[in-house]
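This is what each chain is made of:
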Amino acid sequence: MATEITTTKFRTSVILIMIVSLVLAAAAVLWETVGSEQTLPLWARWVILLFLFAFVIGVIGPLSGVGGGVIFVGLGMAILPFHVDFIRGAGLVAALTTALSSAPHFAERGLANLRIAAPLVVVSTIFSVIGGIVGLWVSSAFPNGASYVKISLGIVLLILLSALAFSKNVEYPQIKKRDKLAEKLGIKGAWYEPTLNKVIEYQATNLPIAMLAFAGVGFVAGMFGLGAGWANVPILNLVIGVPLKVSVATSMIILAINDSASLWVYLANGAVLPLIVVPVVLGIGIGSRIGSRIAVRTKPKIIKYIVIGLIGLSAIVNVLQGLAGIGVLRW
Amino acid sequence: MGVRDVFSGILPSIDELAEVMEPETKEALAPITTSLDAPEIDVPKRKETTVIKDERGVEIVAPEQSFDIVGVSRENGVIKVEIDFVNRVFAKALRWLCNIGLAVIIISAVLYFAGLGPSDLNLEVANWNKPAVEFWENVKGSTANGYSWFLASPMDPESDVVIGITLLALAPLVGFLLAIPGTKGTLRLLLLIISVEFIYAIIRPLIMHVAGH
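All values reported here derive from a predicted model rather than from experimental measurement.

Help me understand the side chain of S139 of chain A in this model?
Residues and elements named next belong to chain A. Along the polypeptide, S139 turns up in helix α5 (residues 114-141). Look at S139 and you get buried, because its relative accessible area is 4%. Among the polar contacts made by the side chain of S139, one reaches the side chain of D85 at a distance of 2.7 Å. Discounting chain neighbours no more than four positions away, the residues touching S139 are H83, V84, D85, R88, G145, A146 and V149.

What should I look at first to understand the packing of aromatic side chains in this one?
We describe a pair of aromatic rings using the distance from one ring centre to the other and the angle between the two ring planes. Overall, the coordinates contain 19 aromatic pairs over all chains when judged by the stated rule. Taking 6.0 Å as the distance between ring centres and 55° as the angle between the ring planes, the aromatic pair formed by W191 of chain A and Y202 of chain A counts as tilted. Within this pair, whereas W191 of chain A is found in strand β1 (residues 188-193), its partner Y202 of chain A is found in strand β2 (residues 198-203), the two being separated by eleven residues in sequence. Of the two residues examined, W191 of chain A and Y202 of chain A, each falls in the buried class. Within the aromatic cluster, the residues linked to one another by ring pairs are F86 and W264 of chain A together with F135, W136, Y147, W149 and F150 of chain B.

Is there a simple way to think about the pattern of salt bridges in this case?
Two side chains with opposite charge may pair up if their charged atoms get near one another. Within this structure, the stated rule accounts for five salt bridges over all chains. The shortest N-O distance in the salt bridge between R95 of chain B and E108 of chain A comes to 2.5 Å. Note that R95 of chain B is positioned in helix α3 (residues 85-113) and E108 of chain A in helix α4 (residues 84-108), a pairing that runs across two chains. The shortest N-O distance in the salt bridge between K140 of chain B and E158 of chain B comes to 2.7 Å. With a gap of 18 residues between them, K140 of chain B in helix α5 (residues 132-140) and E158 of chain B in helix α7 (residues 157-179) connect regions that are remote in the sequence. Each of the salt bridges in this network shares a partner with another, and the network as a whole consists of K140, D156 and E158 of chain B.

Criteria and thresholds
Residues numbered from 1 in each chain as written. Chains lettered and ligands numbered in written order. Predicted model: local features only at pLDDT ≥ 70, side-chain atom pairs only at ≥ 80, totals over all residues. Heavy atoms only, no water. Helix = DSSP H or I, 4+ residues; strand = E, 2+ residues; numbered from the N terminus. Buried < 20%, exposed > 50% of the residue type's maximum accessible area, 1.4 Å probe, protein only. Polar contact = N/O pair within 3.5 Å; in protein donor to acceptor, adjacent residues only side chain to side chain. Contact = heavy atoms within 4.5 Å. Phe/Tyr/Trp six-rings, centres within 6.5 Å; stacked < 30°, edge-to-face > 60°. Salt bridge = Lys/Arg side-chain N within 4 Å of Asp/Glu carboxyl O.

The following block contains the structure:
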């Protein structure tokens, strides 16, 4: 039995590495030969490359357990030639599209709960708007603004990796004591769990601490155009004490609200470029179809480690590029 | 195999989209501690599902709740979850605006990439390493300060893609405004505050623009 599982995982890993290699090879061939001079204009080559890039992210996202938005913004800022404004704008639209597509589905199943999200969103919405304003102001007000954004994103990505490494999700957290605010607001919920064939009820605690944490999460999401589900879920699950499934679903509602609020800042500053946004949204969407199908069968560890390595590497590259940009390092 | 089957085989489902941005297990670096016990304090557990039937003979799996889900029933072997008004209206608003927004984006993108708009895409490529404000000045000669840079040219497919994105960004606000009449007490106050924050986020650039002049 164990050998069978190992063989399946090995085969899936090989297939996946082949898919990614083929896409990369196709991109390289496209760039070098087909696109030479007359065949395809430069913008078309970039649209196809960007689609393939987002497609690979879409495929490995479900397998790695790390959100596609984080991978796109982190890697994109490190290797893509676009200005950081447009990468953050595209990351935000991609995260928003996914959250908006899935939040209603979760809400209709009774999993996503607006009542839990509301007090947190009161804080995170305004901070995501402030984050967007500060992020775009830094990149445009200073001659080396983009470098400051890259350095701070690199630091955020390193914090993200360590936060994920040390946090342990709990399926049904035990609440010892409710805080007064959560009690006063009557924050509680229930959902029908088909695997247990019963309705599970839950309550919330530590609301003031969670609201403070969401202020920070909202700011980071707005400033860097990240979905920030990686921060939402642990706070909902471990700090507030909401069951894991509800945390994931409610995180989608919070993502949809925060991202759309900060997106207005990006829209008002022209930081949304259709030439970049469209292939990214489509690439991640279609890639996730394949990734999720493979993820249902197995989640090869090698992919997880590759993605974790990529995020770590892009964090370091962003910091180094940023330091080089402000003249501290030679790059 | 019909066209619908072909598309459903290619396009991602909502669950799959949810998974890519927000993987349920977060298992890359965070193992799950599984415990099948529901929270202990103040949370009534149902060890066994109470099965009762309503006047129509439909099996009721869970009694009426005052929050979140208002009932779970089993009809012809299919579990049906009913959610409360606030979550239901909010979900519907998100779904409708998301679908309309995506349709506008996709249709406009086809026209945009087919070259049916006035945009010079090679000029955009030459300038996309510049900050957004400088980019639009160089490419279209317009200042990206507020929303006029895309609202002023509705016949340009490039602007229409951005209008589609604007519809996506409007979805939660519309959801709140539709849900507020069905709320009371603290929840109504919270939703009102969030709506005001949203409206501020939308009109802030316009206020700044007017104040700047």
